[in-house]
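Listed below, chain by chain, are the residues.
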Amino acid sequence: MGRKRSKYFRRKNLAGYLFAAPWLIGLSAFVLAPILATLFLSFTSYDMINAPRWIGLTNYKILFTLDPGFWKALGNTFYYMFGSVFLKVFTGLIFALLLSSALKGMRIFRTIYFLPVVLPSIPVMFLWMMMFNPRSGLINQLLGFIGIKGPLWLNSPQWSKPAMILMSLWGIGGIIVIFLAGLQDVPEYLYEAAELDGANKLQMFWRITVPMIMPVIFFNTVTGLIAASQVFAESYIMTAGGPLESTTFVNLKIYLLAFKDVRMGYASAMSWVMFMILVPMTVLLFRISRRWMDY
Amino acid sequence: MHHWHRTYSGEGLKVKKSLLILFLITLMVAVSFGAAAKVKFWHMYLSGPSKEIMDEIIAEFNETNKGAIEVEDLAISFWDYWDKIRVSMAAKQEPDVFLHDLGNVGMRASTGILLDLKPYLLAAGFDPEEVFFEGPLKMCSYEDGIYALPLETDVRLLFYNKDLFRQAGLDPEKPPTTWEELLYYAEKLNVLDKNGDYEVVGFNPLYGQSYFWMYVWGKGEDFITEDGDIVVNSPGIIQALEEWVALINELGLEKLLSFGANFGWGAADAFIAGKVAMGIQVGNFIADLAMYAPDLDYGIVQIPYPVQNATWSNGFSLELSSRSKNIFAAVEFALYLLSDEVQLKLAEGISSLIGNRRAAYQSDLIEDPQWKMQIEALEFTKFRPFILEAPLWYETLQVATEEAIYGTKTPDRALNDAQKLIEAEIQKYKMTH
Amino acid sequence: MKGINRAKSIRNFTIYGVLGFFSVVYLIPLFWMVSTSLKPDAQIMSIPMRWFPDPPQWSNYAKAVDSFPFFRYFFNTLFLTSMNVLGNTLTASLVAYSFSKLQWKGRNLIFYITIATMFIPGQVLIIPVYILFTQLGWVNTYLPLIVPAFCGGGAFNIFLLRQFFISIPDELMESARIDGASEFKIFRKIILPLSTPALFTVALFTIVFTWNDFFGPLIYLHDPSMWTLAIGLRGFQQQYSTNWNLLMAASTLTALPLIILYFVAQDKMMRGFTLRAGIR
């Protein structure tokens with residue numbers, strides 16, 4: 001009995017490793033190795049031409065004591081992350097529900113909502129800059145129709161981040177697609193049984209749909225937070241981090257440090273501090289979600 | 001081989017000599033049969049007339065040096081160029097000759113990746129001070145060497161709308177030359193609508209390439225002390241910022257911002273749309289005017305100054321890798337690109353200015369008064385000083401300027417804070433280097 | 001009966017109403033793109049904004065296609081994209097199966113590490129990865145842009161598929177195992193068929209990302225004959241000016257295959273939607 005059992009476990013383990021093998025290679029070679037390299041670099045001064053020079057904790061010391069700009073950028077990043085992600089996931093779910101209905105023409109609607117994901121990002125950003133134009137842009141003109149004087153949007157330190165959050169809501173096509181796929185997997189009979197029991201739509205939504213697609217909700221939330229924490233292109237191209245550094249995000253700082261300022265060691269240290277802050281946050285999310293998921 | 005050893009002295013020397021001749025003949029034969037030294041050259045001339053000219057220039061060079069040197073070029077779009085060259089340098093894969101930012105040559109020179117061109121220039125009979133403009137050449141120098149060549153550069157000038165001048169009763173052939181004249185004319189050129197908002201702004205200090213540091217230089221101040229340290233909060237500079245802020249406040253910040261919000265770029269540019277009477281722009285703006293408003297009657301003049309003539313430039317440098325395997329060939333090519341003939345050719349194709357002063361004055365383009373004015377500006381132009389320990393100091397200055405303009409800080413507080421930030425950057429650099 | 005019908009039509013009306021209202025917002029950028037692509041030079045970016053070019057300059061499309069080796073870049077992009085789709089769907093599903101349905105030592109730890117790696121800001125990894133590929137001698141080939149797809153397909157795809165696989169009931173596999181089926185057979189005959197929406201989602205995301213990715217091809221490919229459409233689009237933007245109308249024309253042409261693809265292939269991701277969840 002003992003022998004059979006360990007053979008079974010060995011076979012189990014083997015299968016697990018075999019299936020995961022491509023990723024074990026990919027993870028260690030293309031992901032972990034560079035990541036550990038940056039960890040090493042964070043303790044060095046590296047101008048990217050000559051060999052890195054060990055300086056111990058100096059980069060971290062500077063980051064914590066001499067760089068108020070980093071903490072401001074961190075604040076901006078969190079504002080953007082939490083301001084956009086939950087809104088996006090929620091709206092994405094609502095739209096996915098609407099789009100999964102069996103009405104005619106949904107195909108066209110689904111394509112329309114997916115469009116933003118497909119269009120090349122730079123022209124789209126310029127379009128948004130035009131739409132946010134305080135005087136002649138579409139958004140303030142529409143607000144004007146209902147009697148509201150729109151703010152300066154991207155030109156205002158207070159409204160620049162809300163503007164970018166609004167812009168990000170436009171790009172929820174990817175989230176919708178994933179929700180659509182997830183909604184497919186909810187077994188039909190659950191709804192039928194609930195209907196027979198006299199449940200209404202709202203109850204069915206909360207009691208059946210949401211729990212069944214929890215893994216997908218979780219996925220969209222986590223990947224949404226990760227993507228939002230790395231927001232960069234919009235601030236680089238549309239606002240150059242301004243006005244008054246209101247859209248300077250951590251990733252923008254890191255890019256400028258690594259590519260413009262040639263302070264790769266310091267940029268690495270900043271990335272790791274960011275990592276150390278984000279990971280515990282997500283672990284917390286994992287813990288909370290465990291109570292909700294069932295697997 | 002051992003024959004040679006045995007017949008070492010006396011006859012050996014004769015053998016040695018004949019071996020040498022044999023070697024040289026073999027070398028010449030090998031060279032002429034295509035063992036050409038390859039020179040990799042990266043640049044940004046991806047399309048349009050500048051691409052055609054560059055292709056021609058390279059083809060001519062390859063033809064003249066057939067068998068000995070072959071230049072392989074790669075054109076990358078401007079926005080992507082910097083990332084591509086940065087990563088290739090990090091991986092020791094950079095090309096032999098490449099364009100880069102004239103504004104921060106020192107950053108690369110200090111790492112040792114650039115070849116010091118001074119000895120080669122002198123050996124080739126190029127006296128850099130005679131051949132190149134002073135401002136750009138200074139940006140190419142680092143410590144005692146010259147680590148780059150000024151390939152192309154630009155200047156800023158004051159563009160003014162002649163029609164608006166006439167409408168305001170001003171003589172379109174007599175544009176302002178001093179700062180006081182500029183402000184006087186500006187007031188006359190302002191046109192307000194019935195709400196008191198700007199219809200036309202005479203001179204908009206927030207428009208185009210108008211930046212605070214240009215005013216600082218115009219007042220005869222500088223950002224570098226005699227010791228070579230960076231200073232942004234000297235009394236002169238604080239005074240300048242106070243005046244700059246006062247000017248904007250007199251025009252009305254809110255009104256200027258909401259005015260500016262109406263416009264964008266291309267055909268929607270404020271000057272091109274005829275809504276800014278006098279604005280500071282870079283020389284390439286002439287091409288924009290030709291494309292979007294060919295009928296606009298405009299003139300250009302050197303930027304009016306309070307104390308001394310000032311304008312500023314950016315540009316592209318030509319740099320060589322010190323790790324190149326074909327240094328002599330690369331130097332040949334670089335000197336060729338900066339030679340009078342080639343620079344004359346380049347001047348026709350690119351929309352910017354060239355770095356070779358001799359060529360600039362010899363060119364037919366000097367007949368064109370607009371071009372001539374730009375060349376004259378190049379004689380006294382300034383570049384933002386490059387500070388190795390705080391290369392982005394001017395961005396800190398710009399933020400301080402904005403804070404003073406928006407009123408969140410007084411000018412002296414904003415500049416003092418900026419100075420502290422810059423010094424902190426320098427200290428950080430020293431801690432890690 | 002009448003009451004139910006009325007409730008249904010109110011609901012349908014609401015659905016169409018909400019979707020229709022917002023789709024206007026979603027369509028505006030595409031409309032602007034196409035409109036700009038047809039504008040003559042002098043009308044681009046004019047104030048006030050013109051919605052309709054007058055007259056539409058269809059020749060812009062011909063000019064745009066002429067501006068860079070459009071068809072060559074198209075085929076390069078097609079090649080890269082297909083390789084990535086193949087690699088990602090194949091290997092990410094294998095790996096996700098391992099993370100979700102197989103038990104092995106270290107499984108959870110490695111999964112958490114996988115997720116954690118997504119948190120490192122990508123900008124700082126560019127240089128070490130580039131140096132790695134240089135050491136391998138893969139620069140100026142397509143290898144850096146293809147091989148990672150066959151080595152697991154990236155944390156995002158693995159995470160995505162794993163979340164989908166989790167909801168497949170274990171009983172299905174248990175009974176197959178009792179019958180003596182190998183893991184691979186279970187994977188092929190049970191898991192894959194049940195996951196077509198997820199697999200097509202991965203394929204879709206891979207296609208969209210690879211098609212529009214300019215950064216990878218930019219830094220790894222030195223030979224312009226290997227470049228992709230995304231790089232070609234960048235060429236329209238110069239230092240002080242941008243050829244907006246040609247850029248939009250080229251962008252529209254680049255986006256068109258993806259739009260058509262999604263429109264046509266949606267079904268695969270909406271398996272039997274008339275029978276499934278959502279508002280009926």
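Every value quoted in this text rests on a predicted model; they were computed, and no experiment measured them. (Residues numbered from 1 in each chain as written. Chains lettered and ligands numbered in written order. Predicted model: local features only at pLDDT ≥ 70, side-chain atom pairs only at ≥ 80, totals over all residues. Heavy atoms only, no water.)

### Points about the confidence of the model for chain B
Residue and element names in this part refer to chain B. Rules: One confidence number per residue, pLDDT, is output by the predictor and ranges from 0 to 100. Where helices and strands are cited, they refer to DSSP runs of H or I of at least four residues and of E of at least two residues respectively, numbered from the N terminus. We call two residues in contact when some of their heavy atoms are within 4.5 Å.
Mean pLDDT over chain B works out to 88, with 92% of the residues at or above the 70 mark. Predicted confidence in chain B is weakest over helix H1 (residues 2-6), with a mean pLDDT of 42, and strongest over strand S3 (residues 97-101), with 95. Here residues 1-13 is modelled with pLDDT under 50, and outside its nearest four sequence neighbours on either side it reaches five contacts, counting other chains as well.

### A word on the interface of chain C and chain B
Size of an interface: often given as the accessible area lost when the parts come together. Selection criterion: A 1.4 Å probe defines the accessible area here, and the buried area is the portion of it lost by two parts on being joined, summed over both. Note on definitions: salt bridges are taken to be side-chain nitrogens of Lys or Arg within 4 Å of carboxyl oxygens of Asp or Glu.
Facing 29 residues of chain C, the contacting portion of chain B comprises 29 residues. Taking both sides of the interface into account, the surface hidden between chain C and chain B amounts to around 2,500 Å²; carbon and sulfur atoms contribute 64%. Summed over the shared surface of chain C and chain B, the number is one salt bridge. The salt bridge involving Asp80 of chain B is made with Arg234 of chain C; its shortest N-O contact spans 2.4 Å.

### Some remarks on the domain arrangement of chain C
Defined as follows: Note that the domain bounds reflect an automated or database-derived domain assignment.
Per the domain assignment, the segments making up chain C are domain 1 (2-61) and domain 2 (68-239). Computed from C-alpha coordinates alone, the two centres of domain 1 of chain C and domain 2 of chain C are separated by 34 Å.

### As for the pattern of salt bridges
Residue and element names in this part refer to chain B. The condition that has to hold: The buried label goes to any residue with under 20% of its type's maximum accessible area, the exposed label to any with over 50%, and the partly exposed label to all in between, with areas taken from a 1.4 Å probe on protein chains only.
Counted by the stated rule, this structure contains 27 salt bridges over all chains. Of the charged contacts, one joins Glu319 and Arg108 as a salt bridge, the two residues approaching to 2.7 Å between their closest N and O atoms. Taken as a pair, Glu319 in strand S12 (residues 315-320) and Arg108 in helix H5 (residues 105-109) lie far apart in primary sequence, 211 residues in all. Residues Glu319 and Arg108 agree in their burial class; the two are buried. Here Glu403 makes a salt bridge to Lys409, at a shortest N to O gap of 3.3 Å. Take Glu403 and Lys409: they sit in the same class, and that class is buried.

### Quick word on the interface of chain C and chain A
Applicable threshold: In protein, a polar contact requires one atom able to donate a hydrogen and another able to accept it; more generally it is a pair of N or O atoms within 3.5 Å, and residues adjacent in sequence count only if both atoms are side-chain atoms. Residues are grouped as follows: Ala, Val, Leu, Ile, Met, Phe, Trp, Tyr, Cys and Pro are nonpolar; Asp, Glu, Lys and Arg are charged; all remaining types, including Gly, are polar.
Of the residues lining the interface, 107 residues belong to chain C; the matching set on chain A comes to 100 residues. Between chain C and chain A, the buried area comes to about 9,500 Å², and carbon and sulfur atoms account for 75% of it. Linking chain C with chain A are zero salt bridges, by the criterion used here. Our count for the chain C to chain A interface comes out at 19 residue pairs in polar contact (both at pLDDT 80 or more). The element that contributes the greatest number of residues to the side of chain C that touches chain A is helix H1 (residues 2-37) of chain C, accounting for 17 residues. Looking at the side of chain C that touches chain A residue by residue, the classes come out as 78 nonpolar, 20 polar and nine charged.

### Regarding the environment of Thr206 of chain C
All names here are of chain C. Along the chain, the position of Thr206 falls in helix H10 (residues 196-212). By relative accessible area, Thr206 is classed as buried at 5%. Note: C-alpha distance between Thr206 and Thr81 (125 residues apart in sequence) is 7.4 Å. In this structure Thr206 touches Asn84, Val85, Asn88 and Asn157, once residues within four positions along its chain are discounted.

### As for the domain arrangement of chain B
Residue and element names in this part refer to chain B. In terms of domain boundaries, chain B breaks down into domain 1 (38-155 + 314-380) and domain 2 (156-311 + 387-432). The distance between the C-alpha centroids of domain 1 and domain 2 comes to 30 Å. At the junction of the two partners, domain 1 supplies 15 residues and domain 2 supplies 16 residues. When the two sides are added together, the surface that domain 1 and domain 2 hide from each other amounts to roughly 1,300 Å², 59% of it contributed by carbon and sulfur. Where domain 1 touches domain 2, the interface holds one salt bridge. Counting across the interface, domain 1 meets domain 2 through five residue pairs in polar contact (both at pLDDT 80 or more). Mapped onto the side of domain 1 that touches domain 2, the elements with two or more residues apiece are H5 and helix H18 (369-380). Broken down by element, the residue count for the side of domain 1 that touches domain 2 peaks at six residues, all from H18. Here the residues of the side of domain 1 that touches domain 2 sort into six nonpolar, seven polar and two charged.

### Some words on the sheet that holds strand S1 (residues 37-43) of chain B
All names here are of chain B. Rules: Note on pairing: DSSP must find at least two bridges between two strands before they are called paired. Only C-alpha atoms enter the line fits that serve as axes; for helices the fit covers just the stretch in contact. Angles between N-to-C directions range over 0 to 180 degrees.
Overall, mixed pairing links the six strands, which are arranged S2-S1-S3-S12-S6-S13 in an open sheet. Edge positions in the open sheet fall to strand S2 (69-75) and strand S13 (353-354), since each of these has one partner strand only. Across two bridges, S1 lies against S3 in parallel orientation. Along S3, the bridge assignment pairs Trp42 with Phe98. In the packing of helix H4 (residues 78-90) onto the sheet, the strands contacted are S1, S2, S3 and S12, and the crossing angle to S3 comes to about 120 degrees.

### A few points about the packing of aromatic side chains
One pair of aromatic rings is described through two measures. These are the centre distance and the angle between the planes. Definition in use: Note on aromatic contacts: the rings of Phe and Tyr and the six-membered ring of Trp form a pair at centre separations within 6.5 Å, being stacked when their planes are under 30 degrees apart, edge-to-face when over 60 apart, and tilted otherwise. A ring is considered to have a charge above it if a Lys NZ or an Arg CZ atom is located within 6 Å of its centre and within 35 degrees of its normal.
With the rule as written, the count across this model stands at 85 aromatic pairs over all chains. Centre to centre, the rings of Tyr113 of chain A and Tyr26 of chain C are 4.8 Å apart; their planes meet at 40 degrees, and the pair counts as tilted. Placement of the pair is Tyr113 of chain A in helix H4 (residues 106-118) and Tyr26 of chain C in helix H1, with the two residues belonging to separate chains. When sorted by exposure, Tyr113 of chain A lands in the same class as Tyr26 of chain C, which is buried. Taking the centre distance of 5.8 Å and the plane angle of 75 degrees together, the rings of Phe74 of chain C and Phe75 of chain C count as edge-to-face. Grouping aromatic residues by their ring pairs yields a cluster made of Tyr17, Phe218 and Phe219 of chain A together with Phe99, Trp104, Phe111, Tyr112, Phe156, Phe159 and Phe205 of chain C. The positively charged end of Arg107 of chain A is found above the aromatic ring belonging to Phe263 of chain C, 5.3 Å away from the centroid.

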